[in-house]
Amino acid sequence: MRRRTLALATASGAALLAAAALPATAQPAAPRATPAAPGAGLQEGSVSAADLLAKLKGCSQLSNGKYRTDEETSATVPVCGKNGAVFWKADMDVDCDGQTTSKCNADTDPWYQDDTAFRQSNGKPLNAEKLSYVVVPSSSGIWNYASAGIKGGGVVAVIYNNQVEYAVVGDTGPDKIIGEASYAAAKGLGINPDPENGGADSGVTYVLFKNSKASPIESHADAVSRGDALAKKFLQDN
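As a convention, each chain's residues are numbered from 1 in the sequence order in which they are written. Residue-level local features of this predicted model are given only where pLDDT is at least 70; pairs of side-chain atoms are given and counted only at 80 or more, and the full residue set underlies all totals for whole chains, interfaces and linings. Values reported for side chains reflect all heavy atoms of the structure, with hydrogen atoms and water molecules removed beforehand.

1. Structural notes on the packing of aromatic side chains
Here is the rule we go by: Pairing of aromatic rings covers Phe, Tyr and Trp, the last counted by its six-membered ring, and requires centre-to-centre distances within 6.5 Å; plane angles under 30 degrees mean stacked, over 60 mean edge-to-face, and any other angle means tilted. Numbering of helices and strands runs from the N terminus; a helix is a DSSP stretch of H or I covering at least four residues, while a strand is a stretch of E covering at least two. A 1.4 Å probe rolled over the protein chains alone gives each residue an accessible area, and that area as a share of the maximum for its type sets the label: buried under 20%, exposed over 50%, partly exposed in between.
Under the definition given, this model contains three aromatic pairs. When the centroid spacing of 6.2 Å and the interplanar angle of 75° are considered together, the rings of Phe 209 and Phe 234 count as edge-to-face. Placement of the pair is Phe 209 in strand 7 (residues 200-209) and Phe 234 in helix 4 (residues 220-237), with a sequence separation of 25 residues. Each member of the pair, Phe 209 as well as Phe 234, is classed as buried. A network of ring pairs unites the aromatic residues Trp 88, Trp 143 and Tyr 206 as a single cluster.

If you want it as C-alpha cells, here you go:
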C-alpha cells in the first residue's frame, strides 16, 4: 500500500474552488437505500455492483498514458470512458485532509493537510471523517479531469467487494497517481480507514458521472439520491 508523500495535497486554490462553483446538472431525486443488515455489505441506491461492473468491461482509454497506484509501482491504470461517465480500477489510499477532527489530524495522519481542493457551501474544507469523497489526479498531460466533464462535487459510484457507495469529487492529488478516497468512504465500504496503514491494495472501481454535482457538496444524502438516478441512466445508455 502506498505511503503518501507530502506532495499529495498540493493542488488547491482559486481555480479549483471556482470549478467547484459550477452549476449542478439536475437529477431526479431517489430515496436513500435502507442500511444493509449486518454482514450484508453496503448498498446505497437501487443499482447493484454487479450491474454496474457488467457495463465496465474493457476500456476505451481517455487518458494519454496510465497512472501509478503507488509511488513505487509502474503505471498500469488508464482512465476509461463510457457514455455519461469515466472510470478507473485501482486501489484505495485513505485521504484525511480537510477539517481537523478526532480521526483526521496531524497526529493520526503524517501527511495531513487542513484543506481540500473543493470546499463546503459555507467555505470550510470538507470533512474527510464524515463525508465520502474521492480524490482525482491533478490535471496534467496524462489527463485533465475538468475537460472530461468532471468537477468538484461531481457524483461518484465507488464499487468494492460487491458493494456500492456514492461519494463526491472532493480533493485532488498527485498528477501521476490514482486511487484514493476519504476516511469516510473507506470506512463505509468496510476498508480500514487508517490514513497511514489502511486502505485497499486493489479491487476498487471508481465511476465518475460527467457534468453532475451534489448540492450542497457536503450532503451525502444528495449524492446518493443523484447517484442512484445517474446509475440507472448509465445502465440504460451503455
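Once the structure has been displayed, the description carries forward.
2. Considerations on unusual backbone geometry
Pro 216 follows Ser 215 through a cis peptide bond whose omega is -5°. By the element assignment, Pro 216 lies in the loop between strand 7 and helix 4. Not every positive phi belongs to a glycine, and Asn 162 is a case in point at roughly 65°. By secondary structure assignment, the location of Asn 162 is in the loop between strand 4 (155-160) and strand 5 (163-173). Judged by its relative accessible area of 63%, Asn 162 is exposed.

3. Brief notes about the nonpolar core
The line we're drawing: Here, nonpolar core means buried Ala, Val, Leu, Ile, Met, Phe, Trp, Tyr and Cys residues that are tied together by side-chain atoms lying within 4.5 Å of each other. We call two residues in contact whenever any of their non-hydrogen atoms come within 4.5 Å of each other.
If you look at the biggest cluster of nonpolar residues, it comprises 43 residues, and the most contacted ones within it are Trp 88, Met 92, Trp 143, Val 158, Tyr 206 and Leu 208. Secondary structure elements with two or more residues in this core: strand 2 (85-95), strand 3 (133-137), strand 4, strand 5, helix 3 (183-188) and strand 7. No other element matches strand 2, which puts five residues into this core. Apart from residues lying up to four places away in sequence, Met 92 is in contact with Val 158, Gly 179, Ala 181, Ala 186, Leu 189, Ile 191, Gly 199, Ala 200, Val 204 and Tyr 206.

4. A short note on the pattern of salt bridges
Pairs can form between side chains of opposite charge whenever their charged atoms are close. Note the threshold: The working definition used for a salt bridge is a side-chain nitrogen of Lys or Arg within 4 Å of a carboxyl oxygen of Asp or Glu.
Enumeration according to the criterion identifies five salt bridges in this entry. A salt bridge links Lys 233 to Asp 237, with the shortest nitrogen-to-oxygen separation between them at 2.7 Å. Taken together, the residues span about one helical turn, with Lys 233 and Asp 237 both in helix 4 at a distance of four residues. Judged by its relative accessible area of 36%, Asp 237 falls in the partly exposed class.

5. A word on the environment of Val 168
Relative to the helices and strands, Val 168 is located in strand 5. Measuring from C-alpha to C-alpha, the distance between Val 168 and Val 224 comes to 9.6 Å, with 56 residues separating the pair along the chain. In this structure, Val 168 is in contact with Leu 131, Ser 132, Tyr 133, Val 134, Gly 153, Gly 154, Val 156, Ala 214, Ile 217 and Ala 223, ignoring residues within four places of it in sequence.

6. Considerations on the confidence of the model for the protein chain
Applicable threshold: A residue's pLDDT is the predictor's confidence in that residue, given on a scale from 0 to 100.
On average, residues of the protein chain score 88 in pLDDT, and 83% of them reach the 70 mark or higher. For the stretch residues 1-39, pLDDT sits under 50, and the model shows 81 contacts to residues farther than four places along the chain or on other chains.

7. Here we look at the pairing of strand 3
Burial analysis of strand 3 places five of its five residues in the buried class, which makes it a mostly covered element. Across the two faces of strand 3 the burial is the same, with Tyr 133, Val 135 and Pro 137 and Val 134 and Val 136 all buried.

8. Some thoughts on the pairing of strand 2
To keep it simple, the criterion reads: Paired strands are those between which DSSP finds at least two bridges.
Most of strand 2 is tucked away: ten of the eleven residues are buried. Bridge count between strand 1 (residues 80-82) and strand 2: three bridges; the pairing is antiparallel. Bridge pairing links Cys 80 to Phe 87 in strand 2.

9. As for helix 4
Spelled out, the test is: To estimate the expected span of a helix, subtract one from its residue number and multiply by 1.5 Å.
Helix length check: helix 4, at 18 residues, gives a terminal C-alpha distance of 25 Å against a target of 26 Å (1.5 Å per residue), a fit within 8%. Among the residues of helix 4, those classed as buried are His 220, Asp 222, Ala 223, Val 224, Ser 225, Arg 226, Gly 227, Asp 228, Ala 229, Leu 230, Ala 231 and Phe 234. For helix 4, the secondary structure elements touched by its buried residues are helix 2 (49-54), strand 1, strand 2, strand 4, strand 5 and strand 7.

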